[in-house]
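Here is how the chains run, residue by residue.
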Amino acid sequence: MNRFIRSGDPFIWVTGSALAFALLLVAGLLGLVLVSGLGFFWPRSMVEISLADGRKLAGSIEARERIPDPQSGKKTTGSWRFKLKQGNRDLYGSDFVWVDEKDVRERAYPKEIAVIERREWGAFHGRPLKVLEGETVVAEGVDRSWALLIQRLPAALSVYDQARRIEKDELGGINFKKEKIRLKRRSLELKGHSKGSALDALKAEEERLQKLFDKQMEALAALRGTVRTNVVFVSADGQEKQVALTNIVRAYRPNELSFFGRLGLYSSRLWEFVSEDPRESNTEGGVFPAIFGTVMMVFIMSLVVTPFGVLAAFYLREYARQGPFVSAVRIAVNNLAGVPSIVFGVFGLGFFVYIVGGSIDRLFFPEALPSPTYGTGGILWASLTLALLTVPVVIVATEEGLAAVPRGAREASLALGATKFETMWRVVLPAVFPSVLTGLILAMARAAGEVAPLMITGVVKLAPALPIDEFPPFFHLERKFMHLGFHIYDVGFQSPNVEAAQPMVYTTTILLLVVVVALNLTAIIVRNRLSKKLRTSGL
Amino acid sequence: MAPISTTSDGGLDVPARPGVAARKKARRFLADRIARRLVYGSGVLVILAIAAILFVLFSVALPLLLPPKATPHQAVDLGFSEPVLAFVTDEYRENGVACLPSGFVQFSLVESGPGPTRIDTPGIGEAKIVQGFVTASGGLAAGLSDGRLLPVDVAFETSFEGSKRQIRTVVTPGKPLVVDEGGRPTELAKYLVRDGSTKVSARVGPRDVAILEATETANLMGESTREEKRELIQLQAAGEITALAMDARGDDLFLGTSTGEVIRFDRRAGEDRGQKESVFVARSRTTAVTALGFLNGDRTLIAGDAAGGVVSLQMLQPDGRPRTLTPMNQFEAHKGRVVGISPSRRDKGFVTIDDGGEVKVHYGTTGKTLLSLRAEGARLTGTSFAPKADGVLAARADGKILHWSLQNPHPEITLRTLFGKVWYEGYNEPGYVWQSTGGTDDFEAKFSLTPLIFGTLKGTFYALIVAIPLALFGALYTSQFLHPNLKSIIKPGVEIMAALPSVVLGFVAGLWLAPAVERVVPGILATIIVVPVFAFAASAVWERVPTALKRAVPAGYEILFLLPVVLLALWVGLQIGHQIEHSLLHGDYRAFFLKVLGLTYDQRNSVVVGLAMGFAVIPIIFTVAEDSLSSVPKNLTAGSLALGATRWQTALRTVLPTASPGIFSAIMIGFGRAVGETMIVLMATGNTPVMDWSPFNGFRAMSANVAVELPEAPEGGTLFRVLFVAALLLFAMTFVVNTAAELVRLRLRKKYRTYE
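Quick caveat: nothing in here was measured; it's all calculated off a predicted structure.

Conventions and cut-offs
- Residues numbered from 1 in each chain as written.
- Chains lettered and ligands numbered in written order.
- Predicted model: local features only at pLDDT ≥ 70, side-chain atom pairs only at ≥ 80, totals over all residues.
- Heavy atoms only, no water.
- Helix = DSSP H or I, 4+ residues; strand = E, 2+ residues; numbered from the N terminus.
- Rg over C-alpha atoms; globule rule 2.2 N^0.38 Å.
- Contact = heavy atoms within 4.5 Å.
- Areas by Shrake-Rupley, 256 points an atom, 1.4 Å probe, with all protein chains shown as cover.
- Lys, Arg positive; Asp, Glu negative; His and termini not counted.
- Charge placed at Lys NZ, Arg CZ, Asp CG, Glu CD.
- Salt bridge = Lys/Arg side-chain N within 4 Å of Asp/Glu carboxyl O.
- Buried < 20%, exposed > 50% of the residue type's maximum accessible area, 1.4 Å probe, protein only.
- Patch = residues over 30% accessible without salt bridge, like charges linked within 9 Å, V, L, I, M, F, W, Y side chains within 5 Å.
- Domains from an automatic or database assignment.
- Buried area = accessible area lost by both parts, 1.4 Å probe.
- Polar contact = N/O pair within 3.5 Å; in protein donor to acceptor, adjacent residues only side chain to side chain.
- Nonpolar A, V, L, I, M, F, W, Y, C, P; charged D, E, K, R; others polar.
- pLDDT = per-residue confidence, 0-100.
- Pairing = 2+ DSSP bridges.
- Core = buried A, V, L, I, M, F, W, Y, C linked by side-chain atoms within 4.5 Å.
- Axes fitted to C-alpha atoms, helices over the stretch in contact; angles between N-to-C directions.

Brief notes about the overall build of chain B
Moving on, step 1. Along the backbone of chain B there are 15 helices and 34 strands.
Moving on, step 2. Scaling as 2.2 N^0.38, a compact globule of 756 residues should have a C-alpha radius of gyration of about 27 Å, whereas chain B reaches 38 Å, well beyond that.
Moving on, step 3. In terms of principal-axis extent, the alpha carbons of chain B reach across some 120 × 100 × 55 Å.
Moving on, step 4. Expressed as a percentage of contacts within chain B between residues at least 6 apart in sequence, the contacts between residues at least 24 apart total 59%.
Moving on, step 5. Just so you have it, chain B exposes about 33700 Å², and 58% of that area is on carbon and sulfur atoms.
Moving on, step 6. Taking the average place of the 75 positive charges on the side chains of chain B and the average place of its 68 negative ones, the gap between the two points comes to 13 Å.

Description of the pattern of salt bridges
Two side chains of opposite charge can pair, provided their charged atoms sit close to one another.
All names here are of chain A.
Moving on, step 1. The tally for this structure, following the rule as stated, stands at 66 salt bridges over all chains.
Moving on, step 2. The shortest N-O distance in the salt bridge between lysine 102 and aspartate 100 comes to 3.5 Å.
Moving on, step 3. Residue classification places lysine 102 among the exposed positions, given a relative accessible area of 58%.
Moving on, step 4. Between arginine 250 and glutamate 272 there is a salt bridge whose closest N-O contact spans 2.9 Å. Here glutamate 272 lies in helix H6 (residues 259–275) and arginine 250 lies in strand E11 (residues 248–252), a separation of 22 residues in the sequence. An identical accessibility class is assigned to arginine 250 and glutamate 272; each is buried.
Moving on, step 5. Salt bridges sharing partners connect three or more residues here, namely Arg89, Asp95, Glu117, Arg250, Arg269, Glu272, Arg279 and Glu284.

Side note on a nonpolar patch on the surface
Moving on, step 1. Together, A:Phe308, B:Val44, B:Leu45 and B:Leu48 make up an exposed nonpolar region whose accessible area comes to about 330 Å².
Moving on, step 2. The dominant element in the nonpolar patch, judged by the number of residues it contributes, is helix H1 (residues 18–61) of chain B, at three residues.
Moving on, step 3. Assignment of secondary structure puts A:Phe308 in helix H7 (residues 288–319).
Moving on, step 4. With relative accessibility at 33%, the residue A:Phe308 sits in the partly exposed group.

Observations regarding the domain arrangement of chain B
Moving on, step 1. Each assigned domain of chain B is listed with its residue range as follows: domain 1 (237–340) and domain 2 (450–755).
Moving on, step 2. On a C-alpha basis, the centroid separation for the pair domain 1 of chain B and domain 2 of chain B is 56 Å.

Observations regarding the environment of A:Asn497
Moving on, step 1. Here A:Asn497 lies in the loop between helix H14 (484–494) and helix H15 (498–537).
Moving on, step 2. Beyond its immediate chain neighbours, meaning those up to four positions away, A:Asn497 contacts A:Arg89, A:Asp95 and A:Thr283.

Re the interface of chain B and chain A
Moving on, step 1. The interface is formed by 106 residues belonging to chain B together with 89 residues belonging to chain A.
Moving on, step 2. Summed over both partners, the interface of chain B with chain A comes to about 8800 Å²; 80% of that surface belongs to carbon and sulfur atoms.
Moving on, step 3. Here B:Arg28 makes a salt bridge to A:Glu422, at a shortest N to O gap of 2.7 Å.
Moving on, step 4. Taken together, the connections running from chain B to chain A amount to seven residue pairs in polar contact (both at pLDDT 80 or more).
Moving on, step 5. When residues in the side of chain B that touches chain A are grouped by element, the largest group, 20 residues, is from H1(B).
Moving on, step 6. In the side of chain B that touches chain A, the residues fall into 72 nonpolar, 20 polar and 14 charged.

A look at the confidence of the model for chain B
Residues and elements named next belong to chain B.
Moving on, step 1. Put simply, chain B has an average pLDDT of 85, and 97% of its residues get 70 or more.
Moving on, step 2. No element of chain B has a lower mean pLDDT than strand E1 (residues 4–5), at 40, and none a higher one than helix H3 (residues 450–480), at 92.
Moving on, step 3. In the model, residues 1–12 has pLDDT below 50 throughout and makes 20 contacts with residues more than four positions away in sequence or in other chains.
Moving on, step 4. Two numbers describe this predicted complex: its pTM, 0.88, and its ipTM, 0.88.

Quick notes on the domain arrangement of chain A
Moving on, step 1. Segmentation of chain A into domains returns domain 1 (47–125) and domain 2 (289–484).
Moving on, step 2. Distance from the C-alpha centre of domain 1 of chain A to the C-alpha centre of domain 2 of chain A: 51 Å.

Description of the pairing of strand E2 (residues 56–68) of chain A
Moving on, step 1. Across four bridges, the pairing between strand E1 (residues 47–51) of chain A and E2(A) is antiparallel. For A:Glu48, the partnering residue across the bridge sits in E2(A) and is A:Ala58.

Some thoughts on the pairing of strand E30 (residues 380–385) of chain B
All names here are of chain B.
Moving on, step 1. With six of six residues buried, E30 lies mostly within the body of the structure.
Moving on, step 2. Both E30 and strand E31 (residues 391–396) contribute to a ladder of five bridges, which runs antiparallel. Following the sheet pairing, phenylalanine 385 is matched in E31 by valine 392.
Moving on, step 3. Hairpin remark: E30 followed by E31, antiparallel, with five residues in the connecting loop; positive phi at alanine 389, about 60 degrees.

Comments concerning the environment of B:Gly103
Residues and elements named next belong to chain B.
Moving on, step 1. With respect to the helices and strands, glycine 103 occurs in strand E7 (residues 103–108).
Moving on, step 2. Using a relative accessible area of 4% as the deciding quantity, one classes glycine 103 as buried.
Moving on, step 3. Taking C-alpha positions, glycine 103 is 33 Å from tyrosine 363, a pair spaced 260 residues apart along the chain.

Digging into the nonpolar core
Moving on, step 1. Membership of the largest hydrophobic core comes to 211 residues, with the highest contact counts inside it found for A:Tyr489, B:Leu57, B:Leu449, B:Val503, B:Phe507, B:Met679 and B:Leu710.
Moving on, step 2. Not counting residues within four places of it along the chain, the set of residues in contact with B:Val503 comprises A:Gly449, A:Val451, A:Gly485, A:Ile488, A:Tyr489, A:Leu512, B:Met679 and B:Met683.
Moving on, step 3. Formed by 30 residues, the second largest nonpolar core is a distinct cluster that contains A:Leu149, A:Leu223, A:Phe233 and A:Leu245.

Brief notes about the sheet that holds strand E14 (residues 187–194) of chain B
All names here are of chain B.
Moving on, step 1. Reading across from one edge, E14-E15-E16-E17 is the order of the four strands in this open sheet, with antiparallel pairing throughout. Looking at the sheet topology across the chains shown, the edges are occupied by E14 and strand E17 (224–234). Adjacent strand axes in the sheet meet at a mean angle of 15 degrees when their direction is disregarded.
Moving on, step 2. Across eight bridges, strand E15 (residues 197–205) lies against strand E16 (residues 208–218) in antiparallel orientation. Across the sheet, residue alanine 202 finds its bridge partner in E16, namely alanine 210.

Considering the sheet that holds E7(B)
Residue and element names in this part refer to chain B.
Moving on, step 1. Spatially, four strands are ordered E5-E6-E7-E8 in an open sheet, and the strand pairing comes out antiparallel. Taken across any chain shown, the strands that pair with only one partner, and hence form the sheet edges, are strand E5 (86–89) and strand E8 (117–119). The mean inter-strand angle of the sheet, taken between neighbouring strand axes irrespective of direction, is 25 degrees.
Moving on, step 2. As paired elements, E5 and strand E6 (residues 95–100) share four bridges and run antiparallel to each other. Counterpart to alanine 86 in the pairing with E6 is cysteine 99.

What follows is the structure, given as structure tokens:
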């Protein structure tokens, strides 16, 4: 035994267990996120339960646990309870309810029970009772109503889509133009023009737009009038609720769905998640604007960070005279990578937003003041802040690449009469290109996951418009934007209904993790390829 | 046109025509020069960017500590050659109303404004004005020689015509109130109206104070009835009354005496009513208290004495003891007799004047005197802090009003308020407090960075406690004992761990880990012991495994065997924790912690942060430490092994000491990361700025505080600048630590080179 301990092997095993523990942590975290997030869109079976006190509830069982009992000495009592997602928030006040198993008299899985996903108040669990067209009843009975509901729903959905298109594109466009005219008028007034043909033309244009606006509003009202179908539903405990057909997103009967039916529903909800706007203060619907904002921000950041990072690395390694100054700069650049991201955010706010943005506003947008145009957080400032945050990553990666390019390659090029620029451009740059790519990918991965600096430089929980749209100048870099990481923080911690939103946050997390991990893996693979290539090409 | 280019790298060009070749050459050199400029420019830009970060943070934070400045304006002569007893001005310091011994006057402070005009106050009648003062609501009042008091309501109505500002002064003389039915002159009076009731207290004799309480109640018919209550109070102490103050709630009456004391009279209904404690504030028993006044909010009392001393006092109620008047700060003394006090209506600042012509601006909370201004000429009789706290006015006995503009945007900030203990109003003792927003108008923001720095360090401490052992043991194992094939998989795995966005970790920590940890705290504590024991046991089992089987598994593959062992150990640890909790802690560890250790349990606490932030720091420490451990020169380890040392001895005695600077620098870099981590601490702590080392309480870290409060802070305001100070501190902390780590690493690299 003594010899065994002196051999040191047990200690090796203890150090190994630390590594194993760390690996288990990573696996556990990823597993938790995947399990909690991927199952969210899967339609679960609906159970209808009758309680001892005569109440009836319908919903899906989300969790089961022993009933905690803080009073007695033991932590839990022996019996179990489960968490039912009961829906019908407008009737019951909350989405979830804990049910003691001993109170349950009967459980049933009726085929005809339906889940109605609504645009407001979350899902409704219950049965359709009758369908109304205006005031007249057009279908009665559960099955007939259901058949009619399913038959009419696609048309209603398409009307809703058209109405939304009019709202967003037509009316939104007119409002955008009207705002531009208002600013033009204001700018003329600031220059001292109070009358004149220019002003009259603007006024005429404004009136024309107003007419157009009114026309579109009429069209919208007419469109909305085409669907007057209402459905009366009854919940498990007998309460009736009338829902307009246009207010329904999706209706299905989970208990009669086959596996492939469920799969289809799953994909449709997943697609809604990645392609639609959020609903219900971000707790339902999709995260498309957040995906768009994240991607666009990372893209702008890459456009800025690549040239500056690469040029700075060339300066440090190829152009500057090596000495204490350059070493100091190199250490400073390395340290910049260790400066907390929130500090970059504070700098971005103080410099980009208030100093640069404020000056731009005073010089170019005085007509909009005091409401700021560039003098407030926006996607451009957030991207520039992150570019500064990630520039050390690109510099360090490029410098490493430059160090690996053999001296002989440069000397050969110079000896053949090439200028320094030509050597760099034709010989060195192609050789370090994979390193630059690695650095850029790592920078993108870091930028995609950062949230803290964005919180003070322009991210919002709900952006009214995307930073790119069809109205000139098409790119609106001053706009505030949505971001996946901030979405996680906001919905998970600031949402009014955190419990209901939680699965959605896990799904958003998966999305963010997929982006970040995929970028990192790409960088690792590129780096490994590169080191192999360099090893073989070494002179 | 284009010459033939033989090589892609532009080396040899065969010129078609000599002129073209020369032009081409010029162009090539031009391109070279442009490229050089561009590269140099970018290099300089990056250097500038680093400098700019420091510069911007610094330039925003600096105005906090700049000394205040005052610029004098032209004095305004009211033209009556009478002393100004009291006066008020509008918030732009353009118009004012003054009380003179001969009556009330409306005047303008701007040169182009109209001349002074008298205001008709028929209520005075035959009486004379013996005293004038500013009322709690910003109006004026005059004490009359016949025992009455005349309130005069003053309002400044601001309107805008386009961009031009118009201010109309509305002066409404009220009905005189009979304060002393004996008809003695009302000097040193205080007047306040609150919820329909009027309270007046005035000195009517050397040792007598008359008090009038008038309440107006409207009945259902819309008629109002007026009820008046009068009371006479006699001073039960030596000396005469020389100053008087009454707080806006009407709780207490304070009298200053000629013997240098401030005596409190409790005015609340109940047993405590009557004369209470006296506090000696002057320099000697013969120095009279000559001025009393409240700061904004009417909680801190300022007393000035005949020898020039200025002190602040407040009513405190330490646990279980009765309310008492307690001295707080002593301010820079005047040379002459203090004759007037005027509080700022914005903050806790105030102005004092003496009869020698000195005006001083103080800040109540910090106890600091910000400015001393000299007023030449006749003695000073009254003062007024401008409503926006951006100017100081003082009236002279010859009827002139002196006027200074004040540049003092952040009077409440000193290095001491940022980092030291400050005695805030309503607190029983000085303390470190961060509270940037409050509900009421007279709320005083409290900007002590100390609890935030403490929170940052506490979070870092717990994160490092979790991360250092795991990361260093893991790095040691990976570098020395792990099979190279596995290493090429595991290292990128850990690197991926570093790339996980902190918002994800924070979210999981706050919403999943915090409630999970709450259930299994004893289990987690047990796991710390169980896991190493299991690893130990596993190695003992492996020792007994037949050699033939051992051969099949190459050295360095233990980790695969260890994964299930650690998993099992975790489960066993949690079970043991449950058993301990049931049998020893009576089934509820939280009650046990509270009763035996005196620790309260928050769900989002430092253990949760430690685990989550530890998770974020592990890969950073791991990578740097593993690098330095792996690059220990092979001839050292080979030598050790050749001399008969075991693998473990070599690792412990040779590799670890050699690489120790690298390990130190790894821990430093991990420290830097933990200090600045924002989203995890934001989401996994309760964000309460408490100072308490308990692992089961939350904290508020600087980084999270900046992230939460900066979007709400108005640009250029005090909070905005203080948050920049916090950012500057974070920058400085990480920059210093990282530079140290980097220098250590560079030296280590040099050292390794000598072995090769």
